[in-house]
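Reading the structure
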Amino acid sequence: YLYSPLLFAIGSASTLLYSPPATRHSLPPPFPPMSSRKKLIAGNWKMNGNRVEATRIAAGLARKLTDADRPLPRITLCPSFPYLGLVHDLLENTAIKIGAQNCSEYLEGSYTGEASAKQIKDIGCAHVILGHSERRSHFKETNANIKAKAAVALKEKLIPIICIGETLAQKEAGQTITAILSQLRESLPKDIRAEQFLIAYEPVWAIGSGSTPTCEEIEHVHGAIRQELGKIVSPAGITPILYGGSVSPANAKEIMKIQNVNGVLVGGASLKLDEFWDIIQSSDE
Ligand code: PEP
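The following paragraphs examine the structure supplied in this document. All of these numbers come straight from a predicted model, not from anything done at the bench. (Residues numbered from 1 in each chain as written. Predicted model: local features only at pLDDT ≥ 70, side-chain atom pairs only at ≥ 80, totals over all residues. Heavy atoms only, no water.)

1. Points about the overall build of the chain
- When helices and strands are tallied, the chain shows 11 helices and 8 strands.
- At a minimum sequence separation of 6, the contacts of the chain that also span at least 24 residues come to 74%.
- Carbon and sulfur atoms provide 54% of the accessible area of the chain, an area that totals close to 13200 Å². (Helix = DSSP H or I, 4+ residues; strand = E, 2+ residues; numbered from the N terminus. Contact = heavy atoms within 4.5 Å. Areas by Shrake-Rupley, 256 points an atom, 1.4 Å probe, with all protein chains shown as cover.)

Structure, rendered in structure tokens:
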């Protein structure tokens, strides 16, 4: 996850050579897609599953990975807290990473029911999903909470996957870009570096609904995120931007071809081994 100087050099050289294609969008992405970088496929199991299911999916993925005869994308699985240790142990000798779905904004101490970034790191997580819309809506998490959580995650060298996305009402009012860019600006800790985090663009109305934005809409939003990242971190082209919301074997290939889509965050389909594996295989990197 820490990109080598060589990749930086390749990235910078290709930025110089890159001229954005003419599109109807007013926000052309300022950076080329990082086609040399592997995509990331993240599975968010939410509060689903049990011991048997978690074992079946994690062990099944490990087996499929061993049998795979072509390069695969980076993969991370985010089970709920009780199964992190189990899934970690099942995947220990594989390239699949694990992540938590949340962490406390506090470092440690008397916060009953919370799990700290330090503990999450300690049991072997590489990632932590922060600011998922279900946490924003059900648990009233604000951008300020997410920023505080991201800051403690970074302190523990956990890579936050920071989720942003517009509601249906915001989309219908033509406020998609304004909404997601203010979430982006307000959720990132000061002094965060480009290689330390990922963004997941997840339209709230697309999560679990079977509906997705059009490819043009995804491209437009990801381009706008990339451009905004350019004002915050450098080089902004190396921060992966995932798309999430009703990703399935039927649409994953098309979505992952979109410019500035560096992977996908998958909810429902990550609980079905064959569907998740199909999505993993849809990535051509
Ligand atoms: C999610 O909850 O992060 C998600 C993308 O869910 P789904 O794939 O089920 O829409």
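Back to the write-up after that little detour.
2. A short note on the site of the ligand
- Around the ligand there are 14 residues in total, and Lys 46, His 132, Glu 202, Gly 208 and Ser 246 lie nearest to it.
- Between the ligand and Gly 267 there is a distance of 2.8 Å, counted from an oxygen atom to a backbone nitrogen or oxygen.
- Interatomic distance of 2.8 Å between a backbone N/O atom of Gly 268 and an oxygen atom of the ligand.
- Isolated, the ligand exposes 290 Å² of accessible area, and the fraction of that covered by the protein chains is 95%.
- Taken together, the residues that form the shell around the ligand break down as 4 nonpolar, 8 polar and 2 charged. (Near = heavy atom within 4 Å. Polar contact = N/O pair within 3.5 Å; in protein donor to acceptor, adjacent residues only side chain to side chain. Nonpolar A, V, L, I, M, F, W, Y, C, P; charged D, E, K, R; others polar.)

3. Brief notes about the sheet that holds strand 6 (residues 198-201)
- Strand order in the closed barrel made by the 8 strands is 1-2-3-4-5-6-7-8, with parallel pairing throughout. On average, each strand axis in the sheet is tilted by 25° relative to the strand beside it, whichever way the strands run.
- Sheet analysis places strand 7 (residues 241-244) next to strand 8 (residues 263-266), joined by 2 bridges and oriented parallel. Considered in strand 8, the bridge of Gly 244 is made with Leu 265. (Pairing = 2+ DSSP bridges. Axes fitted to C-alpha atoms, helices over the stretch in contact; angles between N-to-C directions.)

4. Digging into the nonpolar core
- Among the nonpolar cores identified, the biggest contains 67 residues, and Leu 61, Leu 77, Val 87, Ile 199, Ile 225, Leu 229 and Ile 279 are the most heavily contacted of them.
- Ranked by residues supplied to this core, first place goes to helix 2 (residues 51-67) with 6 residues.
- With sequence-adjacent residues up to four places away left out, Leu 77 is seen in contact with Gly 43, Trp 45, Ala 58, Leu 61, Val 87, Leu 91, Ile 96, Lys 97, Ile 98, Gly 99 and Phe 276. (Core = buried A, V, L, I, M, F, W, Y, C linked by side-chain atoms within 4.5 Å. Buried < 20%, exposed > 50% of the residue type's maximum accessible area, 1.4 Å probe, protein only.)

5. Here's the deal with helix 2
- Under the 1.5 Å per step criterion, the end-to-end length of helix 2 is 24 Å for 17 residues, consistent within 8% with the ideal 24 Å.
- If you check which residues of helix 2 are buried, you get Ala 54, Ile 57, Ala 58, Gly 60, Leu 61, Ala 62 and Leu 65.
- Here the buried face of helix 2 lies against strand 2 (74-78), helix 3 (84-91) and helix 11 (273-282).
- Structurally, the start of helix 2 carries an N-cap: the backbone nitrogen of Val 52 is 3.1 Å from a side-chain oxygen of Asn 50. (Expected span 1.5 Å × (residues − 1).)

6. Observations regarding the packing of helix 2 against helix 3
- Contact pair helix 2 / helix 3: the axes reach a minimum separation of 9 Å and the direction vectors enclose 25°. One way to sum up the angle between helix 2 and helix 3 is to call them roughly parallel. Our pair here, helix 2 against helix 3, has a crossing hand that is right-handed. The residues of helix 3 that touch helix 2, namely those facing Arg 51, Ala 54, Thr 55, Ala 58 and Ala 62, are Leu 86, Val 87, Leu 90 and Leu 91.
- Looking at the contact of helix 2 with helix 3 residue by residue, the class counts come to 7 nonpolar, 1 polar and 1 charged. (Parallel < 35°, antiparallel > 145°, perpendicular 65-115°, else oblique. Left-handed = near helix turned anticlockwise from the far one by under 90°.)

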